[in-house]
Amino acid sequence: MNDITWEAPYCAEGANCFRIGTDPTGNAYIAVAGREDAPLTDTREALRALILEIKAGKADHLL
């Protein structure tokens, strides 16, 4: 796997922790903390779009 630089875990209530990482080739990663060996992978632009959509409330129906 590429050399991923992981951010500190983001944890909501309980033990639901996620990490976001990037690599030198422009890919972005989201993983459950402790399971960084099996991340969701896409481009930084796709990750940015996902985060903006979530912040805009477009995933609120999943809560």
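Our subject is the structure listed above.
It should be emphasised that the depicted structure is a prediction, and the values quoted were computed from it without experimental measurement.

Student: What's the story with the side chain of Asp 23 in this structure? I'm lost.
Tutor: Turning to its location among the elements, Asp 23 is positioned in the loop between strand E3 (17–22) and strand E4 (27–32). Here Asp 23 is buried and forms no salt bridge, its nearest opposite-charge partner Arg 44 lying at an N-O distance of 5.3 Å. In this structure the side chain of Asp 23 is engaged in a polar contact, spanning 2.8 Å, whose partner is the side chain of Thr 25. Separated by 3.0 Å, the side chain of Asp 23 and the backbone nitrogen of Asn 27 make a polar contact.

Student: I'm lost on the pattern of salt bridges in this one. Help?
Tutor: Oppositely charged side chains can form a pair if their charged atoms are brought close together. Under the criterion given, the structure shown has 3 salt bridges. The partner of Glu 36 in a salt bridge is Arg 19, with the nearest N and O atoms 3.1 Å apart. Linking Glu 36 in the loop between E4 and strand E5 (40–43) with Arg 19 in strand E3, this pair joins segments that are 17 residues apart in sequence. In this structure, Arg 35 and Asp 37 form a salt bridge, with 3.4 Å as the shortest nitrogen-oxygen distance. A relative accessible area of 46% means that Arg 35 is categorised as partly exposed.

Student: How should the state of the cysteines be read in this particular structure?
Tutor: Each disulfide is one covalent bond, formed between the sulfur atoms of two cysteines. All told, the structure shown has 1 disulfide when counted by the stated rule. Across the disulfide from Cys 11 sits Cys 17; the S-S distance is 2.0 Å. Where Cys 11 bonds to Cys 17 through sulfur, the torsion about that S-S bond is close to 115 degrees, and the disulfide is right-handed. The exposure class of Cys 17 is buried, given its relative accessible area of 15%.

Rules of the game
- Residues numbered from 1 in each chain as written.
- Predicted model: local features only at pLDDT ≥ 70, side-chain atom pairs only at ≥ 80, totals over all residues.
- Heavy atoms only, no water.
- Helix = DSSP H or I, 4+ residues; strand = E, 2+ residues; numbered from the N terminus.
- Buried < 20%, exposed > 50% of the residue type's maximum accessible area, 1.4 Å probe, protein only.
- Lys, Arg positive; Asp, Glu negative; His and termini not counted.
- Salt bridge = Lys/Arg side-chain N within 4 Å of Asp/Glu carboxyl O.
- Polar contact = N/O pair within 3.5 Å; in protein donor to acceptor, adjacent residues only side chain to side chain.
- Disulfide = S-S within 2.5 Å.

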